[in-house]
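Observations on the model geometry
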Amino acid sequence: MPRLLVFALLLAGLVASTRPAQAQFDNLRALVPETLHQTLFGTDAYQVVFEGDLDSGLRDVLRSVSESHALRERIPATDQMFQRRARADIPNLLRALRSEGYYDGRVEAHVDPHASPPRIVFQVQPGPAYLLKAVHFDGPDSEEGFGFPPPGPATAGLALGSRARAPEISGGKDMFREFLRENGHPFPWVALREVQVDHESQTLSVFYTFNPGPSARFGPVIVEGEERVSPRYILDQVPWSENQPFRSSQLQRLRATLMQTGLFTMVDVSHPGSIPETSVYNDLGNNELPVTISVVERVPRTVKAGVAYETDTGFGTALEWEHRNILGSGEQFRTRLHLAEKRQMLEGEFQVPEFPDPSQSLTIQGNIGQETTDALEKKEAAAGAMINRRLDRFWSVGLGATFRYSEVTQLGKTETYGLISTPGELTWDMRDNVLNPARGWRVQLRAEPFLDTLEWNTTFFKLSGSLSAYLPILAEDRLVLAGRGALGSITGETNMNLPPDQRFYAGGGGSVRGYAYQSIGPEVDGKIVGGKSMVEVGTELRLRLENNIGLVAFLDGGQVFSETELQFQDDFLWGAGLGLRYYLDFGPIRLDLAFPLNRRDKDSAFQVYVSIGQAY
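Residues numbered from 1 in each chain as written. Predicted model: local features only at pLDDT ≥ 70, side-chain atom pairs only at ≥ 80, totals over all residues. Heavy atoms only, no water.

Considerations on unusual backbone geometry
Let me state the cut-off plainly: The secondary structure listing takes helices from DSSP runs of H or I that are at least 4 residues long and strands from runs of E that are at least 2 residues long, numbered from the N terminus.
Between Ser116 and the following residue, Pro117, the backbone shows a cis peptide bond with an omega angle of 0 degrees. Along the chain, Pro117 falls in the loop between strand E2 (106-112) and strand E3 (119-125). Cis geometry marks the peptide bond from Phe355 to Pro356, where omega comes out at -5 degrees. Along the chain, Pro356 turns up in the loop between strand E13 (343-353) and strand E14 (360-372). The phi angle at Leu411 is positive, at roughly 55 degrees, despite the residue not being glycine. Mapped onto the elements of the fold, Leu411 is located in the loop between strand E16 (395-410) and strand E17 (413-421). One non-glycine residue, Asp525, lies in positive phi territory at about 55 degrees.

Below is the structure:
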């Protein structure tokens, strides 16, 4: 337990204290000794330093506009030119201060061309921050009242009393324009008319002027470019009804929905005109705005092949055939053949979207095959179905029924099981990518009651949960901290009364790396038999280099227990190692070398894992 707590606290502290590090990168560079600085970052011809009462954000803005900072690898030929370069930067820095709301700022440049290395020091006094006093919206209906909710500062993304930043004020035009489009006006015109600066009160007042253009309602919808996909299927995805007031977000929602089906390489949802032209106004007629959906279909069939290698399970290959539109309305059929030294399995899956409404899907799946590990031997045939319902963009639930017929051999004894179960799942998925996530998290809870139809007295309940989280540390996701955790528990039967293939095991490439597959858990006569509860944790630091190469350092830990309750007093088994990644368009190829830190007599000195996709 103490080891787990220390690990958890270290991981939580690192996640909590890490900010997007690109904003701090130049500050950290200044702390590195000069000899190491040159090795890590190369040699600058001179240094540029910004001194004064500056927060990290303001200092970053000054660096971004400073020509002296941008050209620091090339020093001018003479001291006079060096001085002129620094002085020429002062107007740039003053403009940057004003853009950040500091209208009384002062900047002085001090150049020391004979220092080692030469230096330019900008003494910056930003002065008080000017605050936003008022935001005005002047349009043709300003006096009589608007035909939409009255706009306020928040409409332009602004807040009264906040620092008056130019990027936010300028960006307010786009936000206000989108506000009008979201409220039934597809062709608005918006401009930033004036910004009044009051130096006495140190405040700003902003004036936007606009013409909302005519109001409109959704008209007929036309589909273009479809070949194999049914037009009715595409039209069924439209989230609005005809004559409903126009809302721009509905166009974006429809495009995202169609792209998520996987049936199209391009989807464009548009309406006539993008600016308030006279011809468009006239075409509106009775305020109906037609919408055109243009699509380019993907090739519906895909054949995939993959090769994997793990020290504990040997070589393996997988062949997959998929049809994403087998009946014309987005139905997917997938077959997969997995052949490895210790596992041979044929799987099939048929998915029906919109069953029976757009937020639900039906998945029917089955498999037949066999598996041989150090813990058990199994032959199995299974079939089942699950209805998945998407509650919103991130939340989904599933409920299904499955029947498994299996013959399992463990400790020299062979048992036959006919298990029927009703699994239920709840998933919260905020990841930005499935095969190579760099930000977000995923939480999944699964509950599954079992009944053995060949031995009616055998019933048990299996509960498990997993969490994975991803935090980018450097810009462009070049350095990512990833973490995972998993818990599981089984109630209803004693450990040895449970089907061996339904008990928990740990170890292997998707579990605790460094230990062989299913080699962690309770033992009988020196043989792993699995357990009724388990816990796993892990963390990875992923660094992406040039030329699609990546490096990974990782630490995994876990244990399996013979009782339903987690026995944290038992020692965890920890594994650590290094990994190499080669990034392709669809995801990385993974090579991991892992070492058991609590090596037992039966454990190998290391394990090697080769596969596609990150470990989690």
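Structure's up, so let's keep going.
Regarding the pattern of salt bridges
Side-chain pairing between opposite charges can occur once the charged atoms of the two side chains come close. Definition in use: Basic side-chain nitrogens of Lys or Arg form a salt bridge, by our definition, when they fall within 4 Å of a carboxyl oxygen of Asp or Glu. Remark: exposure states derive from per-residue accessible area (1.4 Å probe, protein chains only) relative to the maximum for the residue type, with buried under 20%, exposed over 50%, and partly exposed in between.
Using the criterion set out here, one finds 39 salt bridges in the structure. The residue Arg165 makes a salt bridge to Glu168 at a minimum N-O spacing of 3.2 Å. For Arg600, the salt bridge goes to Asp603, with nearest N and O atoms at 2.8 Å. According to the relative accessible area criterion, Arg600 is partly exposed, its value standing at 23%. Residues joined by salt bridges that share partners form a network here, namely Lys304, Glu320, Glu322, Arg324, Arg334, Arg336 and Glu349.

As for the confidence of the model for the protein
Applied cut-off: What pLDDT expresses is the predictor's confidence in each residue, scored from 0 to 100. Any two residues having at least one pair of non-hydrogen atoms within 4.5 Å are treated as being in contact.
Of the residues in the protein, 89% have a pLDDT of 70 or more, and the chain-wide mean is 87. Long-range and interchain partners of residues 34-41, a stretch whose pLDDT sits below 50, account for eight contacts in this model, where long-range means more than four residues apart. Ignoring residues within four places in sequence, the model shows residues 274-282, a span with pLDDT below 50, making 12 contacts including any to other chains.

Remarks on the nonpolar core
Buried together is how nonpolar side chains tend to be arranged in soluble globular proteins. Keep this limit in mind: Nine residue types can take part in a nonpolar core, namely buried Ala, Val, Leu, Ile, Met, Phe, Trp, Tyr and Cys, and a core is a set of them joined through side-chain atoms within 4.5 Å.
Among the nonpolar cores identified, the biggest contains 21 residues, and Ile234, Trp240, Leu251, Leu254, Leu258, Phe264 and Ile293 are the most heavily contacted of them. Counting residues per element, this core draws most heavily on strand E9 (residues 288-297), which supplies four residues. In terms of nonpolar packing, the next biggest core, distinct from the first, is built from 20 residues, Phe450, Ala486, Leu498 and Ile520 among them.

Concerning the packing of aromatic side chains
Quick reminder of the rule: Each aromatic pair joins two rings of Phe, Tyr and Trp (for Trp, the six-membered one) with centres within 6.5 Å, and gets the label stacked for planes under 30 degrees apart, edge-to-face for over 60, and tilted for any other angle.
Applying the stated rule across the entire model yields 17 aromatic pairs. With centroids separated by 6.0 Å and ring planes inclined at 20 degrees, the aromatic side chains of Phe176 and Phe179 adopt a geometry described as stacked. Placement of both Phe176 and Phe179 in helix H7 (residues 166-182) is noted, with a separation of three residues, approximately one turn of the helix. Assessed through its relative accessible area of 0%, Phe176 is described here as buried. Classification of Phe179 by relative accessible area gives buried; the value is 18%. A ring pair is formed by Phe218 and Phe246, whose centres lie 5.3 Å apart and whose planes are at 45 degrees; its orientation type is tilted. Linking Phe218 in strand E7 (residues 217-224) with Phe246 in the loop between helix H8 (231-236) and helix H9 (248-260), this pair joins segments that are 28 residues apart in sequence. Phe218 gets classed as buried once you look at its relative accessible area, which sits at 0%. Its relative accessible area of 1% is what places Phe246 among the buried residues.

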